[in-house]
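# Geometric and topological summary
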Amino acid sequence: RFRLPVTTPLMGKGAFDENHPLSVGMLGMHGTAYANFAVTECDLLIATGARFDDRVTGRLDSFAPRAQVIHIDIDAAEVGKNRVPEVPVVADVKSALEALLAASAGESSEGRTEAWLERIDTWKHHYPLVVPAPEGEIAPQEVVVALRELAPDAYYTTDVGQHQMWAAQFLHNGPRRWISSAGLGTMGFGMPAAMGVQVAFPHECVICVAGDASILMNIQELGTLSQYDLPVKVVVINNGWQGMVRQWQESFYEERYSNSEMMGGMPNFQALAEAFGVKGITISDRTDLRPLLREALAHPGPCFVDVKVRRNEN
């Protein structure tokens, strides 16, 4: 009704259709430049069920410095905890938004946000999310984009780490199609979560995007997938590291890599999956990426795909 752009942090992903023209993608430390620019420049920020955590705000004094804030949250302790709002609303978000729509019935902001939306579109054009050039080893971003194009309506779950952030950045999820442990950081979450989604929606496509370290936390659940013939597709973005740990060690600890390298002792994932009775596929060549992902998605039962990607992508 009011033509307002919408951004969601990692924990809000899946609340709003990211294919909608008003979607500005993910906000925060690993979010899009244009979502962060939009929040920095806006004059009104309506925060629904948000907690203003530090991965979204960075320094509080420079977060949305020009904005008046309307903060709607069911928990009074969250309101004003980090960012003090001009209009605090302690209520269930659904009830509050329904009341806001009812109170503004007949009103419209036709034309009032067009210049603002055009400015955001300019930022989208100048500061896009970039997929590395298709040279050498497969880039992890290529894998996520391929999944987005081949299975745009799938339910996606993730484990924790770099692959989680790439999935959050490059997947355009419809409502309720994103399931991640988000800030809880529970490595191993993805495959059990995918099993739950698949049981709830037995005829839907369910894909778990995982990392080579996270997947090992609950690898025994391949036995459960096999036992109940749950057609979950597990896609491991395998860079041979605890990827986010390595990235932080590179960025903040002068490349002192401590206990983050995973190549020593890494299993043959395809053979391991097949030992559980699950179809296994290994992808290491770019020309095989889409054909073998199509094969995995078409397989009627569970499938485990190990994609070897370049090691030092951040």
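Residue indices begin from 1 for each chain and proceed along its sequence in written order. Where totals are concerned, whole chains, interfaces and linings use all residues; where local detail is concerned, this predicted model gives features only for residues with pLDDT of at least 70, and gives and counts side-chain atom pairs only at 80 or more. Think of the side-chain values as coming from all heavy atoms in the structure, minus any hydrogens and water.

### Some details on the overall build of the protein
For helices the rule is a DSSP run of H or I covering at least 4 residues; for strands it is a run of E covering at least 2, with both sets numbered from the N terminus onward. The number of helices and strands found in the protein is eleven helices and eleven strands. In terms of overall size, the protein behaves like a compact globule, its C-alpha atoms giving a radius of gyration of 21 Å where 314 residues would be expected to give roughly 20 Å. Each residue is assigned to one of three classes by its accessible area relative to the maximum for its type, calculated with a 1.4 Å probe on protein chains only: buried under 20%, partly exposed between the two thresholds, exposed over 50%. Evaluated residue by residue, the protein yields a buried proportion of 45% over its 314 residues. Contacts are assigned to residue pairs that have any heavy atoms within 4.5 Å of one another. Within the protein, contacts between residues separated by at least 24 positions form 67% of all contacts whose residues are at least 6 apart in sequence. Each accessible area is a Shrake-Rupley result for a 1.4 Å probe, and residues are judged covered by the shown protein chains and nothing else. About 15700 Å² of surface is accessible on the protein, with carbon and sulfur atoms providing 53% of the total. C-alpha atoms define the radius of gyration in this analysis, and the globule rule sets the expected value at 2.2 Å times the number of residues to the power 0.38.

### Thoughts on the pairing of strand 8 (residues 206-211)
Most of strand 8 is tucked away, with six of its six residues classed as buried. Where burial is concerned, the two faces of strand 8 agree: the one with Val-206, Cys-208 and Ala-210 and the one with Ile-207, Val-209 and Gly-211 are both buried. Strand pairing is assigned whenever DSSP detects at least two bridges linking the two strands. With four bridges joining them, strand 6 (residues 155-158) and strand 8 adopt parallel strand pairing. Within the sheet, the bridge partner assigned to Tyr-156 lies in strand 8 and is Ile-207. Pairing of strand 8 with strand 9 (residues 233-238) involves five bridges; the strand directions are parallel. Bridged to Ala-210 within strand 9 is Val-236. The path from the first strand over the helix to the second decides the hand: if it runs clockwise while the strands point away from the viewer, the crossover is right-handed. As for the winding sense of the linkage, the β-α-β connection from strand 8 through helix 8 (residues 222-228) to strand 9 is right-handed.

### Some remarks on a nonpolar patch on the surface
The patches described consist of residues with a relative accessible area above 30% and no salt bridge, like charges being joined within 9 Å and nonpolar side chains (Val, Leu, Ile, Met, Phe, Trp, Tyr) within 5 Å. Within this document, salt bridges are pairs made up of a side-chain nitrogen of Lys or Arg and a carboxyl oxygen of Asp or Glu, the two lying within 4 Å of each other. Taken together, the side chains of Leu-4, Leu-44 and Ile-46 make up a nonpolar region of the molecular surface, amounting to roughly 240 Å² of accessible area. Within the secondary structure, Ile-46 is located in strand 3 (residues 44-48).

### A closer look at the pattern of salt bridges
The tally for this structure, following the rule as stated, stands at 13 salt bridges. With its nearest N and O atoms 3.0 Å apart, the salt bridge here joins Asp-306 to Lys-308. Since its relative accessible area comes to 2%, Asp-306 is described here as buried. Note on Lys-308: relative accessible area 31%, which makes it partly exposed. The shortest N-O distance in the salt bridge between Arg-310 and Glu-313 comes to 3.8 Å. Given the relative accessible area of 17%, Glu-313 is considered buried. Salt bridges sharing common partners tie together Glu-41, Arg-66 and Arg-119.

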